[in-house]
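The primary structure of each chain is shown beneath.
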Amino acid sequence: MALLIGVPKETAAGEKRVATVPDVVVKLIKLGFAVTVETGAGAAANCADETYTAAGASIAPDAATAWAADIVFKVRPPTLDEVALLREGATLIGFVWPAQNPELMAALQARKVTALAIDCLPRQLSRAQKMDALTSMAGVSGYRAVVEAANAFGRFFNGQITAAGKIPPAKVFIAGAGVAGLAAIGTAANLGAIVRANDTRAEVADQVVSLGGEFVKVDYEEEGSGGGGYAKVMSEGFQAAQRAMYAQQAAEVDIIITTALIPGKPAPKLITADMVKTMKPGSVIVDMAAEQGGNCELTVPGEAVVRHGVTIVGYTDLTSRLAKQSSTLYSNNLLRLTEELCKTKDGQINVNFEDDAIRGLTVVRNGELTWPAPAPKLPAAPAKPKAAAVAAPKASSHGHGGGGEPMPAKSLAIVFAVGAALFWLVGAFAPASFLSHFTVFVLACFVGYMVVWNVTPSLHTPLMSVTNAISSIIAIGALVQVAPPLDAAGVADRPNGLILGLAVFSLVLTAINMFGGFAVTRRMLAMFRK
């Protein structure tokens, strides 16, 4: 018998998301499940009850009916009263945050349920990315943070020169270049702002630049990667240098967006009250870590306040402010997880602990505490070749980045000798008219070789397509055969039918070569443009 998936309405204050949207309901039913949605659960996300019914779901008249399902999809961690509605042996899938909610964990164990915490997904597993709701929600939050900053800011993001005056571009500084920070960088840059960003992890610098930002480095050498996509707690020396850099940026920029969070710990205080005082009147701070205490000392969680002329936005519901989009992304994450749990597509789930992703997600199984999960087995790094056994290849003198050992002098001399003999034979016995064409042919081969061989390999395709088009000068020869010139008597030496047919055929192929060459070049070079 197919299991029933229940989707209750979120009860947390200000929460507008829903765990499943109608489009995903259709796919869940194809996996063999039945779906019931509490009435009004998707109303705040623009998902009416009628759309769920049309997708094949039933509408539960109250929360108790939805919570009584075999599997419950949830967004926010359930309250203790909601846990009491779970039937024994049921499965809960959603955010749980086991480290921050010990009472919730105890209640789940007492109900003898199985709880899969989407926030505990081993993010270092590449195949787990499709289930990574933290990344999905962080991307939405980063985008919305810039929208909130633009709403609170007093002028345009992009610079303009108008008849009414010159408007300078806004300067935006983003503290933290994780998923949320990168989303904010891309959004602010697309709006035309001058974007700067900082992160303790040096490896994200290239990502910041690729999105149109400038990476601001702290003048202190220390690696800040903490694994799993998060940063680690830095040393006192690094933090002092970081505060000095933040103080400088606060005095220069118009908008600061902070995203710094470390799992299981209060948000680090990056922006002090003294830094706020140095900011320009009308500036904006969007504190994305407000729910965990905030990165700014003056942040009030859940509110937007004005301190020293600076608007400090501490909203804790950024994802809910884009409820439709975030609900769609989140429900797709849960769908991918469900597909992993139900590979047989028969409406039954298998919580397989041999699967590292499923093992990491499972915090309670049939009432037994299984959190924290052991570290997943990552593929072993390839063994480095021994220096004595494998010699590093020498760079080619041609500069194309490939190549191997240069040709020995003896072999090179033989090649030149053979080539000289062939040229002598051609010069001695070939007619004079052939020699002029042969000379052009040899020079064309040499020039073509040098042109292609001495460029970066990644540009070979667009370059060769252009040279192919240019080399289609053969069309001139074909045209001469189709319409030969007149002799002194004014009579054209018409070719026979075979030569004329070959000439026309060559014109067709040459036309394809010419136009195709330029078309391929244009499409290839377009890939390198922003």
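First things first, this report covers the structure right here in the doc. (Residues numbered from 1 in each chain as written. Predicted model: local features only at pLDDT ≥ 70, side-chain atom pairs only at ≥ 80, totals over all residues. Heavy atoms only, no water.)

### Some points on the nonpolar core
One broad trend across soluble globular proteins is that nonpolar side chains are buried collectively.
Part 1 of the argument: Leu 28, Phe 73, Ile 93, Ile 118, Tyr 330 and Leu 337 are the most contacted members of the largest nonpolar core, which has 44 residues in total.
Part 2 of the argument: Counting residues per element, the ones that place at least two in this core are strand 1 (4-7), helix 1 (22-30), strand 2 (34-38), helix 2 (49-55), strand 4 (71-73), helix 6 (133-152), helix 11 (323-341) and helix 12 (356-361).
Part 3 of the argument: Sequence-distant contacts of Phe 73, defined by excluding residues within four places in its chain, comprise Ile 5, Gly 6, Val 7, Pro 8, Ala 19, Thr 20, Leu 28, Ile 93, Leu 334 and Thr 338.
Part 4 of the argument: Ranked by size, the runner-up nonpolar core spans 30 residues in total, among them Phe 153, Ala 188, Val 204 and Ile 257. (Core = buried A, V, L, I, M, F, W, Y, C linked by side-chain atoms within 4.5 Å. Buried < 20%, exposed > 50% of the residue type's maximum accessible area, 1.4 Å probe, protein only. Helix = DSSP H or I, 4+ residues; strand = E, 2+ residues; numbered from the N terminus. Contact = heavy atoms within 4.5 Å.)

### Some details on the packing of helix 1 against helix 11
Part 1 of the argument: Remark: helix 1 packs on helix 11, axes separated minimally by 10 Å, with the N-to-C direction vectors making an angle of 10°. Taken together, the axes of helix 1 and helix 11 lie roughly parallel to each other. Of the residues in helix 11, those touching helix 1 at Val 24, Lys 27 and Leu 28 are Ser 331, Asn 332, Leu 335 and Thr 338.
Part 2 of the argument: A class-by-class count of the residues in the contact of helix 1 with helix 11 yields 3 nonpolar, 3 polar and 1 charged. (Axes fitted to C-alpha atoms, helices over the stretch in contact; angles between N-to-C directions. Parallel < 35°, antiparallel > 145°, perpendicular 65-115°, else oblique. Nonpolar A, V, L, I, M, F, W, Y, C, P; charged D, E, K, R; others polar.)

### Section: the pairing of strand 5 (residues 91-94)
Part 1 of the argument: Covered by surrounding structure in strand 5 are Thr 91 and Ile 93 together with Leu 92 and Gly 94, the residues of both alternating faces.
Part 2 of the argument: Pairing geometry for strand 4 and strand 5, over 3 bridges, is parallel. Each residue of the ladder has a partner; that of Ile 71, found in strand 5, is Thr 91.
Part 3 of the argument: One ladder, built from 4 bridges, connects strand 5 with strand 6 (residues 114-117); its direction is parallel. Note on strand 6: the bridge partner recorded for Gly 94 is Ala 117.
Part 4 of the argument: Handedness of the crossover joining strand 5 and strand 6 through helix 5 (residues 102-110) is recorded here as right-handed. (Pairing = 2+ DSSP bridges. Right-handed = clockwise from strand over helix to strand, strands pointing away.)

### A short note on the packing of aromatic side chains
Part 1 of the argument: Scanning the entire structure with this criterion turns up 5 aromatic pairs.
Part 2 of the argument: Seen from their ring centres, Phe 95 and Trp 97 are 5.9 Å apart, and the 10° between their planes marks the pair as stacked.
Part 3 of the argument: What makes Phe 95 buried here is its relative accessible area of 7%.
Part 4 of the argument: On the basis of relative accessible area, Trp 97 is assigned to the partly exposed category, the value being 32%.
Part 5 of the argument: Judged by centre distance (6.2 Å) and plane angle (80°), the ring pair of Phe 153 and Phe 157 falls under edge-to-face.
Part 6 of the argument: Pairwise contacts between aromatic rings join Phe 95, Trp 97 and Tyr 330 into one cluster.
Part 7 of the argument: For the cation-ring pair, Arg 321 lies above Tyr 315, with the distance from its terminal atom to the ring centre recorded as 3.8 Å. (Phe/Tyr/Trp six-rings, centres within 6.5 Å; stacked < 30°, edge-to-face > 60°. Lys NZ or Arg CZ within 6 Å of the ring centre and 35° of its normal.)

### Things to note about unusual backbone geometry
Part 1 of the argument: Going from Trp 371 to Pro 372, the amide bond is cis rather than trans, its omega being 0°.
Part 2 of the argument: Relative to the elements of secondary structure, Pro 372 occurs in the loop between strand 19 (368-369) and helix 13 (409-429).
Part 3 of the argument: Located in the positive-phi region is Asn 46, a residue other than glycine, with phi close to 60°.
Part 4 of the argument: One can find Asn 46 in the loop between strand 2 and helix 2.
Part 5 of the argument: One non-glycine residue, Asn 366, lies in positive phi territory at about 50°.
Part 6 of the argument: Of note, Asn 366 is situated in the loop between strand 18 (362-365) and strand 19.
Part 7 of the argument: Asn 366 gets classed as exposed once you look at its relative accessible area, which sits at 55%.

### Brief notes about the sheet that holds strand 15 (residues 284-287)
Part 1 of the argument: Taking strand neighbours across the sheet as the criterion, the 7 strands line up as 11-10-9-14-15-17-16 in an open arrangement whose pairing is mixed. Every interior strand has two partners, whereas the edge strands, strand 11 (214-215) and strand 16 (304-307), have only one.
Part 2 of the argument: Bridging between strand 16 and strand 17 (residues 310-313) involves 4 bridges; their strand directions are antiparallel. Bridge assignment links Val 306 to a residue of strand 17, and that residue is Thr 311.

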